[in-house]
Amino acid sequence: MTRYARRGVHGQTVEALARRVLSGRLPEGSTLDLVALQSELDVSLTALRESLKVLAAKGMVDARQKRGTFVRARADWNLLDADVLRWQFEGGSTADADRALLRNLGEVRAIIEPAAVRLAAQRRTDSDLDALEAAIDAMGAGGDDTAHAVESDLAFHRALLAATHNELLERMEMVIESGLAHRDRIVHSSPHTDDPVPSHRAVLDAVRAQDPDAAETAMRALLEQAVRDLDRVEPTADRTKGTDAS
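Starting afresh in each chain, residues are numbered from 1 along the sequence in its written order. Residue-level local features of this predicted model are given only where pLDDT is at least 70; pairs of side-chain atoms are given and counted only at 80 or more, and the full residue set underlies all totals for whole chains, interfaces and linings. Remark: hydrogens and water are excluded; side-chain values derive from all non-hydrogen atoms of the structure.

Draft legend 1. The environment of Asp144, seen in detail. Mapped onto the elements of the fold, Asp144 is located in the loop between helix H6 (126–141) and helix H7 (146–162). Summary of the burial criterion: residues with accessible area below 20% of their type's maximum are buried, those above 50% are exposed, and those between are partly exposed, where the area comes from a 1.4 Å probe applied to protein chains only. For Asp144, a relative accessible area of 80% translates into the label exposed. Each C-alpha atom of the pair Asp144 and His188 lies 7.8 Å from the other, and the pair is 44 residues apart in sequence. The helix count covers DSSP runs of H or I at least four residues long, the strand count covers runs of E at least two residues long, and both are numbered beginning at the N terminus.

Printed below as a string of structure tokens:
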């Protein structure tokens, strides 16, 4: 699945259109005025049409004769697409929708990661253990650097899915990553969170010992801590969002 970078006219136009759809500025069922959008976004009609093709591939828009280009119903959108998830978290949704999406992704993680860690405990290789260990070392060395904390946590969970040696589960990192990164940015920007290293270390120790039951228990405890951390700082995050919006 292709991800679109922010740089370049094409990427910027895709993201601008996507966020208007996701935020409801371009509501479901509405027909797009391409001439007005072209002028508003200051792009050529060709660039605009190419950008809309990207959103069409993600199920967000469609074009029909006599009707023109229109926004499809949300039920048709590819909500598991990594770009769609990222766009929602990076300003394409309301605060309430943002929290609902975080809850939904938390439930998805609670289904996928405990099962994945059981496979990882059975199938891990020495290189898998090295990757998990390196991620935890980076996690502990990051101090108060939020960006570092986010990247080291993502590295751990990527390595964990890779350790299942199941190609489809490995691809799930593209679904989990956007929500996990957003959640981490909220949590690690607050001084009131628990040290993440012990809970991640418990998962690694169980995977290293090739103990699926202990690995699943440790992963469930890690996910429960993640929920507690978010619940603890979410009021602060809400106030921050309210300040930014004003």
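So, next bit.
Draft legend 2. Fine view of the packing of aromatic side chains. In this scheme Phe, Tyr and Trp rings, the latter by its six-membered ring, pair at centre separations within 6.5 Å, and the angle between planes marks the pair as stacked below 30 degrees, edge-to-face above 60, and tilted otherwise. Applying the stated criterion across every chain yields a total of zero aromatic pairs. By definition, being over a ring means that NZ of Lys or CZ of Arg is both within 6 Å of the ring centre and within 35 degrees of the ring normal. Taking NZ or CZ as reference, Arg67 lies 3.7 Å from the ring centre of Phe70, over its face.

Draft legend 3. Here's a closer look at unusual backbone geometry. Of note, His165 is a non-glycine position whose phi angle comes to about 55°, a positive value. As for its position among the elements, His165 is in the loop between H7 and helix H8 (167–171). Unlike most non-glycine residues, Gln210 shows phi in positive territory, near 55°. Here Gln210 shows up in the loop between helix H10 (197–208) and helix H11 (212–245). For Gln210, a relative accessible area of 44% gives the class partly exposed.

Draft legend 4. Representation of the pairing of strand S2 (residues 68–71) in the model. Two strands form a pair only when DSSP identifies at least two bridges running between them. The pairing of strand S1 (residues 61–64) with S2 spans four bridges and is classified as antiparallel. Within S2, the position partnered with Val61 by the bridge is Val71. Counted along the chain from S1 to the antiparallel partner S2, the turn is three residues long, and its residue Lys66 has a positive phi close to 75°.

Draft legend 5. Main features of the confidence of the model for the protein chain. Values of pLDDT, which run from 0 to 100, indicate the predictor's confidence residue by residue. When pLDDT is averaged along the protein chain, the result is 86; 87% of the residues meet or exceed 70. Within the protein chain, H10 carries the highest mean pLDDT (97), whereas H11 carries the lowest (73).

Draft legend 6. Local environment of the nonpolar core. What makes a nonpolar core is a set of buried Ala, Val, Leu, Ile, Met, Phe, Trp, Tyr and Cys residues whose side-chain atoms join them at distances within 4.5 Å. By size, the foremost hydrophobic cluster in this structure holds 22 residues, and its most contacted members are Val117, Leu132, Phe156, Leu160, Val203, Val207 and Met219. Every element with two or more residues in this core is listed here: helix H5 (95–123), H6, H7, H10 and H11. Contacts are assigned to residue pairs that have any heavy atoms within 4.5 Å of one another. Discounting residues that sit within four places of it in the chain, Val203 has contacts with Val117, Phe156, Leu160, Ala218, Met219 and Leu222. Counting 21 residues, the second largest nonpolar core, distinct from the first, contains Val21, Leu32, Val43 and Val61.

Draft legend 7. A look at the pattern of salt bridges. By salt bridge we mean one thing: a side-chain nitrogen of Lys or Arg within 4 Å of a carboxyl oxygen of Asp or Glu. Scanning the entire structure with this criterion turns up 18 salt bridges. One salt bridge in this structure joins Asp81 and Lys58, with 3.0 Å as the shortest N-O distance. Taken as a pair, Asp81 in the loop between S2 and helix H4 (82–92) and Lys58 in the loop between helix H3 (45–57) and S1 lie far apart in primary sequence, 23 residues in all. On the basis of relative accessibility, which here comes to 5%, the residue Asp81 falls in the buried class. Residue classification places Lys58 among the buried residues on the basis of a relative accessible area of 6%. Across the pair Arg118 and Glu216 runs a salt bridge whose closest N-O atoms are separated by 2.8 Å.

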